[in-house]
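Survey of secondary and tertiary structure
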Amino acid sequence: MDRVIGIDLGTTNSCVAVMEGDTPVVIPNRGGYKTTPSIVAVTEAGKRLVGHIAKRQAITNAENTVYAAKRLIGRKWNSPQVKNALLTSSYTIVEGPHADVRIKLRDKTYSVPEVSSMVLQEMKIIAEDYLGESVEKAVVTVPAYFNDNQRQATKDSGLIAGLDVIRIINEPTAASLAYGFGKGLDKTVAVYDLGGGTFDISILEIGAHGVFKVISTTGDTFLGGEDFDARVIDWIVQGFTEEHEVDLRQDRMALQRLRDAAEKAKCELSSVRETEINLPFIISAGRNEALHLQRSLSRETLETLTEDLVERTVDICRQALADAKLDVDEIDDVILVGGMTRMPAIQKSVAEFFERDPNKGVHPDEVVALGAAIQGAALVDERHEMILLDVTPHALGIMTFGSLFEELIPQNTTVPTSRRKIFTTSRDNQTAVKILVMQGESKQADENELLGEFILTGLRRAPRGEVEIEVSFDINTDGIVSVHAKDLETGQNQSIQVTATSGLTQDEISTMIEGAKDYMVERRSDEEFEGVRQEAETHIIEIERLFPEVERVVGGADFGRDAISKARNVLDRARKAIAAKDKQAVKDHLEQLARTERMFKGVVARSE
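Residues numbered from 1 in each chain as written. Predicted model: local features only at pLDDT ≥ 70, side-chain atom pairs only at ≥ 80, totals over all residues. Heavy atoms only, no water.

1. Topic: the overall build of the protein chain
Our working rule: The numbering of helices and of strands both runs from the N terminus, where a helix is a DSSP run of H or I of at least 4 residues and a strand a run of E of at least 2. Buried, partly exposed and exposed residues are distinguished by accessible area as a fraction of the type maximum, computed with a 1.4 Å probe on protein chains only: under 20%, between the cut-offs, and over 50%, respectively. Contact definition: two residues touch when any of their heavy atoms are within 4.5 Å. Surface exposure here means Shrake-Rupley accessible area, sampled with a 1.4 Å probe, where a residue is shielded only by the protein chains that are shown. Charge assignment: positive for Lys and Arg, negative for Asp and Glu; neither His nor the chain ends contribute. In plain terms, the charge of a residue is placed at NZ if it is Lys, CZ if Arg, CG if Asp and CD if Glu.
A count of helical and extended segments in the protein chain gives 14 helices and 29 strands. Considered along the principal axes of its C-alpha atoms, the protein chain spans approximately 115 × 60 × 55 Å. When the 608 residues of the protein chain are sorted by exposure, 53% land in the buried category. Counting contacts in the protein chain only where the partners sit at least 6 residues apart, residues at least 24 apart contribute 66% of the total. Working note: accessible area of the protein chain is about 28,100 Å², and carbon and sulfur atoms make up 47% of it. Averaged over its 72 positive side-chain charges, the protein chain has a centre that lies 5 Å from the centre of its 98 negative ones.

2. Here we look at the state of the cysteines
Formally: Disulfides are defined as cysteine sulfur pairs within 2.5 Å.
Under the definition given, this model contains 0 disulfides. You can see Cys15 has no disulfide; the closest cysteine sulfur is in Cys267, sitting 17 Å from it. Overall, the relative accessible area of 1% leaves Cys15 in the buried class.

3. Here we look at the sheet that holds strand β24 (residues 417-424)
Going by this rule: Pairing between strands is defined by DSSP: at least two bridges between the two strands are required. Axes, fitted as lines to C-alpha atoms, cover a helix only where it is in contact. Angles between the N-to-C directions of the axes lie from 0 to 180 degrees.
With respect to topology, 4 strands assemble into an open sheet ordered β24-β27-β28-β29, the strand pairing being antiparallel. Sheet topology places β24 and β29 (493-498) at the edges, where each strand pairs with a single neighbour. The mean angle between the axes of side-by-side strands here comes to 15 degrees, regardless of whether they run parallel or antiparallel. Where strand β28 (residues 481-487) lies against β29, 6 bridges are found, and the strand directions are antiparallel. Within β29, the residue paired with Val481 across the bridge is Val498.

4. Topic: unusual backbone geometry
As a rule of thumb, non-glycine residues mostly have phi less than zero, and peptide bonds are mostly trans rather than cis. Cis rather than trans, the peptide bond between Val415 and Pro416 has omega equal to 5 degrees. The topology assignment puts Pro416 in the loop between β23 (413-414) and β24. In the Ramachandran plot, Glu355 falls in the positive-phi region, its phi being about 60 degrees despite a non-glycine side chain. You can see Glu355 is positioned in the loop between α10 (344-354) and α11 (367-380). Classification of Glu355 by relative accessible area gives exposed; the value is 62%. Located in the positive-phi region is Lys581, a residue other than glycine, with phi close to 55 degrees. You can see Lys581 is positioned in the loop between α13 (558-579) and α14 (583-607). Owing to a relative accessible area of 64%, Lys581 belongs among the exposed residues under this scheme.

5. Some points on the packing of aromatic side chains
Cut-off, in case you're wondering: Any two rings among Phe, Tyr and Trp, with Trp reduced to its six-membered ring, count as a pair given centres within 6.5 Å; such a pair is stacked if its planes are under 30 degrees apart, edge-to-face if over 60, and tilted if neither. A ring is scored as having a charge over it whenever the NZ atom of a lysine or the CZ atom of an arginine sits within 6 Å of its centre and within 35 degrees of its normal.
Tallied over the entire structure, the rule returns 4 aromatic pairs. One residue, Arg71, lies across the ring of Phe222, its end atom 4.0 Å from the ring centre. Sitting over the face of the ring of Trp235, Arg295 holds its NZ or CZ atom 3.9 Å from the ring centroid.

6. Thoughts on the packing of helix α3 (residues 112-131) against helix α12 (residues 506-554)
Two quantities define a packed helix pair, namely the angle between the axes and the distance from one axis to the other. Condition: Angles are sorted into four bins: roughly parallel if under 35 degrees, roughly antiparallel if over 145, roughly perpendicular if 65 to 115, and oblique for all others. If you view the pair so one helix is near and one far, a crossing is left-handed when the near helix is turned anticlockwise from the far one by less than a right angle, and right-handed when it is turned clockwise. Here the term charged refers only to Asp, Glu, Lys and Arg, the term nonpolar to Ala, Val, Leu, Ile, Met, Phe, Trp, Tyr, Cys and Pro, and the term polar to all other amino acids, Gly among them.
With their axes 12 Å apart at the nearest point, α3 and α12 run at an angle of 40 degrees to one another. When the axis of α3 is compared with that of α12, the two are oblique. Crossing of α3 against α12: the hand is right-handed. Across from Glu114, Gln121, Glu122, Ile125, Glu128 and Asp129 in α3, the residues of α12 making contact are Met512, Ala516, Tyr519, Met520, Arg523 and Arg524. For the contact of α3 with α12, the class distribution of residues is 5 nonpolar, 1 polar and 6 charged.

Now the structure itself:
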């Protein structure tokens, strides 16, 4: 049976998990960390870095280090979120060929799904190293409030990374699975999920027989830890400008140092009341003069700076309860998900709103990946009995006369589902209608997301309002939307399966898949070279340690001088092979090195 991994593709950090028997476990990376920074960088030599190694060099390579790519995935170039990112990012964001978003690193431009695929590929490698086998299938989580284009972009990221993404599930839903799976619970729970870049709140019913039913979900895909960090950065920059009349935002390296310091200070203030922000030589003020930054930030100041952000999450919680038609006292438990929920002010606000202390029984950084692993196992193994009933996070409908949005499937409708509605022509003698399929909550169609369009032709010429057209929407369990339009008089019909777009063409995706495969071949080759290099250098170090003793033992004997000369030649050739990064040559020298080491040890042993 194929192993299915669960991946939480986070804004700040990502996490991968798998089912071991009946228990989901988080897989640590090579450094022993259970989460990996969702950061990608390209070095001056063109080498790709992902995770902790990318984060460590972010300050010195700020322009070519990408963080928080998830906030841009599936978005249009002209969206307000992209305009905001243009003002605050240390890396270069450019417009793509399909009005999408691209990121420029060194001399190459990457799509956002391609950058995200690099993080997913790293998760795949971590899982394969742990399991000792190839992994092809994955369940990947997304914010509950992601629209179809953002979900498709995430799926494309998985495809580029070499993964068959068998299901995309919502992060709060995944968290509820990890919270309630196999425990026989019968509860109504709220999952408050505030991560690095997004906020979601979902209300779910967990049934005693493994039924997880989402009642309502809502959120904000541009509200998270990054925004809290930005408030701290603004506070630091404003104070520094007032003191020195220098804008730190104009220096990319200084901005990256500020970003790191703000995040660190924010995290520290979850456990202490005050912290010091100390950045020496933050920027050059002129010839041979550098300015230093030193400020104290208190928890009280941080809470004042971010008070409105916390309140926004509470307002969204209020909306979720209203959508679910529930009162606060009908919620049995509140689950906190995401690193930002460690902030005391958030815990306090959540406790006050829901009138109960949040549940501390799940790990906020790991619970989403664990839930994804549970879902993955349930999809391929019938022994894991579980029924998951999710909802569509956004309303679906069509554009009608006057550019208005006519809703057919309301937000928070349980899927799968189907809905039908009858419309009439809007002009006299109209022989065709264009059906524009939209997703969103605005009454104005152009403020919603266009998912697809098609034309129904062959209508009878008649006064407006006389010809009736039935439009039907169907959504299956995978969230795929099919739309049909039928002339009720003639039976003439037309349909479309709405395929969301990530902004990439099939040719572009195919090229990116090949690029990802080439990277894997190169990476595995580098890892193999590193293995033989370490083995060779272990022998070299030991031989060099033994040299003085061997020279003392053999003295001036011809045999001794000859053996030592040969040993030095072996070391020289091995060192040259290592310097040239010639994997095969290093391999070829391993036996000679091992033989020389054994000989030296034998000489020393006989002399004792």
